[in-house]
Each structure stands twice: as C-alpha cells, then as structure tokens.
Amino acid sequence: MSCAEKAQAVCWASSQARRCFNEGRFAMLKSTLLTAVTATALTFSTWATAQAVDLQFYFPVAVGGKAADTIKELTDGYMSANPDVKIDAVYAGSYQDTVAKAITASRGGNPPQLSVILSADMFTLIDEDLITPFDDYLTTDEEKEWLTGFYPAFMENSQTGGKTYGIPFQRSTPVLYWNKEAFKEAGLDPEVAPATWDEMVSFSEKLTKKDANGNVSQWGVRIPSSGFPYWLFQGLAIENGAILANAEGNKTNFDDPKVVEALEYLVDLSTKHEVMAPGIIEWGATPKAFFEGQTAMMWTSTGNLTNVHDNAPFDFGVAMLPEKAQRGAPTGGGNFYLFKGASDEQLDAAVDFVQWITAPDQSAKWTMATGYVAPRPATWETDTMKKYAEGFPQVLVARDQLDHAKAELATYQNQRVTGVLNDALAAAITGQKTAEEALSEAQKQADAILAEYR
Amino acid sequence: MKALKLKRDWIIGWLLLLPAMVFLFAFTHIPAITSLVSSFYSTPRGRRPAKFLGLDNYQRMFDDPVFWKVLGNNLWFALGTIPLSIALAIVMALWVNDKLPGRGFARMAFFTPTVLPLIAVANIWLFFYTPGFGLFDQLLGLFGLPATNWLGSPETALNSVIVVTVWKEAGFFMIFYLAALQAIPKTLIEAAQIEGANRWTIFWRITFPLLMPTTLFVSINAVINCFRLVDHIFILTDGGPDNASALLLFYIFETAFRFWESGYAATLTVALLVMLCLLAIGQFFFFDRKVHYK
C-alpha cells in the first residue's frame, strides 16, 4: 500500500476502527429499515415502476485532503450523466478500517456492492467468499478488451486463477527522493541519484554528517521500518531477484538466500556502514525528517510527492529505487472489488461506473488531485496529464518504474502472513536475530498458516 | 391481598432492573458467553464453516510465543504503571490540597491529561519521542547526548509507552485522592499536631490509612486499566518492534480485526476474562477486609 495511507491506517486504527464499527452498525440498521420500506413499496407498486439502481460504494482515504472531495465530485458527475443510477459513496476510514467494515457488513448480510480495498487483500476476500470476478459482467469484446488496458504490474495483484477480481484505482509504488542541496554540499552531482545498492552506500557515506562527539546530524538514507516494513523491504527483495510469494498466494519464499541477502543489506546500512539511523524508523515522520535535513535521501511512496513538492525547503529529485540484480519495486494501494449478494442489475451498473471512473478524463483528475499513479497508459496520453507532467516531471518516475514493478506481497490470510514477516524484519533490524534466523522462522510460520490452502 | 401486593412489588422491582439488565446482557454477558463458545471452534471463513476443535485453540495459545510475550509485557506494564501512577496521584493530591498560590491552575494542569483523548495524547508524545528532532532528543542534544530511538528499540519501546500511560492516568487518580483528603476530618490532624506529631508521621499514621478505601478503589481501576488501555499503542509503536510493546488486548484486537481469526481471538479473550475475574475477586476478598481503618 502506499505512503501516508499506511501511516494513517496505523495511526487511526484503534479510534477509527471503533468508530467505523459503530457507524457500520448504524448504517446497517438504517439500510435494513430502508430495504424493508422499499420491499413494502415494491409489493404495492408494480415491478415496472422500479427503475433506479442503488449502489453502495465504500472508499478509504489514506492521503488526506482532496481525495474524499474528488471521489464525491466524480460520483456526482457519474450520477448526473446516468440519472437511473444512484451511488451512495461511503467514506470508510483507512484501508484497514474499510476492509474491516466491508467484512463486518457482509457477515451482517448487508454488503456494499462496490468497494475500494487494498489490492493485497484479494485472497482474503476470496477466502471469505465475499467478492465476485469482473469477468462475468464484461460481456462484449470491447469490454473484455478494456481489461488489457491496465499496466500489467498493477494487474498482478488483481487476477488469480484466470479471473479478474480487482480493478486498479488508487495505486502507488515507492520511489527514492533525494535532497539536491545536500548532494552538492557533499561534493556529489546533485542531478544524479544512486543507481545501484553499492552506489547508495557510497553516496550515503559521503552524505552522513557527524559532529565532534560522534552524533549524527544528517543521515545518508532513510528506509522507514515501522508498522509495515515488508512493503519497502519487498523493493529490496525484488531488486535482488527474489519474489516473496507465488501468484496463487499460498507459498512464500522468505528464506530464499536472495531475500536473506536483501535483509542483510538493509541491516548493514545502519550497523556496518552506519549511514542510516539504527532501530525501527518511523514511517510517518520520514517526510518531516527529510525536510529537516535529518536525512539526505528517503524511500517512501509516490503518494508523498505532492507533500514533498509543497513542503521541501530545497530542490529535490525523485528516482527509481536502486538496483542490485535488476530494478524493482512493489506496487501498492487499492483496487475496486465487486461484492457478492447484489443483483445482476446492480453489478452491471457497478461495472459500468468502474469503467467510467478509470477512463482517461476521470482518472487524470484523480491522479492530479492525489498523486496516485494513473493505472492505464491511456490516461497519460491525455493533454491534461501531458501538461501536468511537463510542469512536474517527477510524477513520471513512478509510472516508468512500473515496467520493473512486481505485485505487492499478497497471500491467503494476508495480514497474518505479512505480520509474521514484519515481526521477523523488526527482529533483524533491532539486532535480536540474524537475518537468516529471523527469515527462516518466518518462513516456517508462514508455511504453517498457508498449508491448508495448497 | 398481601400476596398480591408482594407480587406487584416483585414485578415493579424486575421492571426497574430491566433496562440495565438488557444492556448488561446485550453488551457484556451474551458476548462473553459467545466468546467462550467460539473459543472451542475454528474461525469460520466464507468458504469453510466453523468446526469444533475442542481445546485445540487453547493448546495453540499455550504454544504461542507471542501470547507469552504479550503476557510478560502486560505484567511489566502493570508493575510499571500501577504503583507509579498511584504514588504520583497521592503526591499531586497532597500538594494541590494545601493552600498554595495558583492552586486552581495546578489542579487543572494535573487533570488535563485525563481530559485529552488518548489518541491525541499519543500523537503528541509521538512527536516528543521522535529521534533526532523530537522534544526529548532536542533537550538531550543541548547536553551533547546522542539521539535515541525511544520507540524503535525493543529495550525502550515498552517503557516509553509506560511513561505516557502514567502521565495520562495519574491526574485521574488524583481527583479521587483529592476528594478523599477533603473528607478527612481536620480535627484528627489538629489533635495530632497538638501531640507534637510531624507532617511525616501525620501522613503515615493518619492520612494514608484513611485513604486506604480510595487506594483500593483506585488500584482496582488501575489494574483494569492496565489491561484495557491500548489505544496509544496503535499510534506510538503498533506493538513493535517484534511485539516488544504489544499488550494482551492489543494482541486480541490484532488477531480478531487484522488477522480475522475470530476463533483464536475468542480464546485469548477468555484468557483475559479469566485473569481479570481472578484479579477482581482477589482484590475484593483479600484486601477489602484490611482497608478500613478501625
């Protein structure tokens, strides 16, 4: 997933989850009443007069500010063009809250028809038997063709067993940001970012500033590791040529020597090379540390691009993550899912809405308002996007990196399996276990969890 | 005639109890019983219904290293928060009970942490603890001390959480002590003063024993709170690094609503319930007899 999204997911987890459950319960009650009323109304009138299709649509907001307004604006735009469809767009909190709410509502017999949920939660939703593939509602050749118009990297987390369960919408990927002034000061070319792991270390060594007491005033690089360290770590693993989980989502490769090597590299940054702060590094404070000059480079989501653009008091650059065996990064963020329990009419309307909102004009509006990567090449071909990228070329880095990007770690019982990996990473980063010990234990635990899905 | 009246009283009695009972049953007793029942079943998934496991979930709990770790953390958390916040509460209450200039302001200042929502408090402390440019590191930096990753190291994470909890709780307990102090008859203290007792003796021989019922009440609350207050953990550390700062309730929430393992979460809940029941019974039966000053 991306950026501030996760920070907030973590931040608000407790308060919002509770609030969301309450709201969920209330909404459930309300809509049960509504259903009862509509049902009665229907028995009195004839079926012919029932025309309007009602859709309930949950969406998470993870990057503050304009995202919620833009969703409302877009759904209103769709409804005025399609007066026979009514969309009730429900803000459902963070990603974590949204999936919790969708699962709870479905168990209570009142699922939404459509929801944006983490692409990595696909297997969980299949396992809970809550979602239905889009394929059944894409009948014409033209509609089937539409599926092929997304970046393949985004579709990896959206398809399994030959079916398409998710349509990419608010998607992101991590990139490297660097402080050009700090580079100049350290005698480095301010226009060139490190392209390899070794370069990242050697650049960082020059960039790390220590005072007479040995206290560091500026670190070379910052790869945050709080909350969900697996996401950025996955970037390192992919760069080293490893894949963390198979496409079926029932087997992980945490103890692959290449994965171990990637973790050793991450740990070495703070212990051996001493160019990154030791211990767990807070995700949420990372952009701030970058602005304050605490670090000369940082890894974080493209979702922070607008934030950095508006707040960095210096010139900054954005680059793809450095390579070891190859370039690489995970994707992240949310997909559209269709929920079971709706009528065919509703799902047809929902699919039509998804097609509309991912079309170039709407998608461009969304990308410019939020910083999410537009999921279809066609969007980048529009005049508005071309003009936007001209004035702000950094936005193109994330798009170009998609050629090297792989699916975000996603398995059955995803949260539990990633939780196991997160604990292992934290144990290695804080020096309680070696990379190899931590990862082979994690692999054993993941095997035990996933055995029943093979 | 008499029997009829008795019957009517009986009905009215139950009717008066009914509203409270409905809520108690709906939100406390029935969920507790369903948790107990679910703890013997596997977690139902959409494609697989729950199946009866017997004691498998309990076996898993006893074999689960994370469970023992969070239990150990909780014990340390209790030892760290309960005595400290109670001692601090008594000191603060004694201080603001005296006539001193700006007493109202001091009382308000001590009570403010209680009024603030825990989530907001945690966000403020998150900034205090930030390595490098957080408040603590800026202060320590003035003395040339290096930056410390308070929340990001397993050694300091839980203690940092304890400090926030004590800060948050002490003001709340102070209010109870303040009320109790004002209920202590002045004559007792005056009599002691005439006898020539110093302040120290007065506190240990008169004030402290008379505060015992309050201490019992406050300590029960403190014990419950140390199992109940986990909101700030979500923000400060998210249980990390490697569960170093996770408490039992946090682990239950994580298991139930992040991992969606409601069966196992129910088992953990039963464990928590049993522990809380034992603690409450113990406190009432063993201490209640000793607290009243005679």
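Everything numeric here is computed off the predicted structure, so don't read it as measured data.

Turning next to the overall build of chain B. Looking only at helices and strands, one finds 13 helices and zero strands in chain B. Listing every helix and strand of chain B by position from the N terminus yields α-α-α-α-α-α-α-α-α-α-α-α-α. Here the C-alpha radius of gyration of chain B, 24 Å, is well above what a compact globule of 294 residues would show, namely 19 Å. Once the C-alpha set of chain B is aligned to its principal axes, its extents read approximately 85 × 75 × 30 Å.

Attention now moves to the overall build of chain A. A count of helical and extended segments in chain A gives 19 helices and 15 strands. Here chain A, with 454 residues, has 54% of them falling under the buried criterion. A separation threshold of at least 6 residues defines the contact pool for chain A, and within that pool the share at least 24 residues apart is 77%.

On the side of chain A, 37 residues touch chain B, which itself brings 27 residues to the contact. With three residues, the single largest contributor to the side of chain B that touches chain A is helix H11 (residues 231-236) of chain B. Across the side of chain B that touches chain A, the residue classes tally to twelve nonpolar, nine polar and six charged.

What follows concerns the domain arrangement of chain A. Residues and elements named next belong to chain A. Here chain A is described as being made up of domain 1 (3-172 + 332-406) and domain 2 (174-330 + 413-453). Contact with domain 1, which involves 27 residues of that partner, is made by 29 residues of domain 2. Looking at the side of domain 1 that touches domain 2, the elements with two or more residues in it are helix H1 (3-44), helix H4 (122-127), helix H17 (395-401) and strand S15 (405-406). Sorting elements by how many residues they give to the side of domain 1 that touches domain 2 places H1 first, with seven residues.

Quick look at the nonpolar core now. If you look at the biggest cluster of nonpolar residues, it comprises 191 residues, and the most contacted ones within it are A:Leu263 and B:Ala89. The biggest single contributor to this core is helix H7 (residues 154-183) of chain B, with twelve residues. Each of domain 1 (3-172 + 332-406) and domain 2 (174-330 + 413-453) of chain A gives at least three residues to this core. Discounting residues that sit within four places of it in the chain, B:Ala89 has contacts with B:Ala170, B:Phe173, B:Met174, B:Tyr177 and B:Val218.

On to the UniProt feature "transmembrane region" (unreviewed entry) in chain B, then. All names here are of chain B. Per the UniProt annotation, the sites labelled "transmembrane region" (unreviewed entry) are residues 12-33, 75-96, 108-128, 157-181, 202-224 and 264-287. Overall, residues 202-224 shows 96% helix and 0% strand. The separation of its end C-alpha atoms is 31 Å. Regarding residues 264-287, the helix share stands at 100% and the strand share at 0%, and the terminal C-alpha atoms are separated by 34 Å.

The residue A:Ser226 is located in the loop between strand S10 (216-222) and helix H9 (230-239) in this model. Taking the C-alpha atoms as reference, A:Ser226 lies 8.2 Å from A:Ala426; in sequence the two are 200 residues apart.

Residues and elements named next belong to chain B. One can describe the packing of helix H3 (residues 65-97) onto H7 by two numbers: an axis separation of 6 Å at closest approach and a directional angle of 40°. The angle between the axes of H3 and H7 places the two elements in the oblique class. Relative to H7, H3 is oriented so that their crossing is right-handed. When the residues that make up the contact of H3 with H7 are grouped by side-chain class, the tally is 19 nonpolar, seven polar and one charged.

With that settled, the discussion passes to the UniProt feature "domain: ABC transmembrane type-1" (unreviewed entry) in chain B. Feature annotation in UniProt places "domain: ABC transmembrane type-1" (unreviewed entry) on residues 71-285 of chain B, given in this structure's numbering. Taken as a whole, residues 71-285 of chain B contains 78% helix and 0% strand, while its terminal C-alpha atoms sit 24 Å from one another.

Mean pLDDT over chain A works out to 85, with 88% of the residues at or above the 70 mark. Confidence over residues 1-50 of chain A falls short of pLDDT 50; this stretch has 72 contacts with residues more than four positions distant or in other chains.

Not every positive phi belongs to a glycine, and A:Asp129 is a case in point at roughly 60°. A tally of 13 C-beta atoms within 10 Å means that A:Asp129 is categorised as partly exposed.

Rules of the game
- Residues numbered from 1 in each chain as written.
- Chains lettered and ligands numbered in written order.
- Predicted model: local features only at pLDDT ≥ 70, side-chain atom pairs only at ≥ 80, totals over all residues.
- Helix = DSSP H or I, 4+ residues; strand = E, 2+ residues; numbered from the N terminus.
- Rg over C-alpha atoms; globule rule 2.2 N^0.38 Å.
- Buried ≥ 20, exposed ≤ 12 C-beta atoms within 10 Å, placed from the backbone.
- Contact = placed C-beta atoms within 7 Å.
- Nonpolar A, V, L, I, M, F, W, Y, C, P; charged D, E, K, R; others polar.
- Domains from an automatic or database assignment.
- Core = buried A, V, L, I, M, F, W, Y, C linked by C-beta atoms within 7 Å.
- UniProt positions renumbered as here; feature names shortened; annotations may be inferred.
- Axes fitted to C-alpha atoms, helices over the stretch in contact; angles between N-to-C directions.
- Parallel < 35°, antiparallel > 145°, perpendicular 65-115°, else oblique.
- Left-handed = near helix turned anticlockwise from the far one by under 90°.
- pLDDT = per-residue confidence, 0-100.

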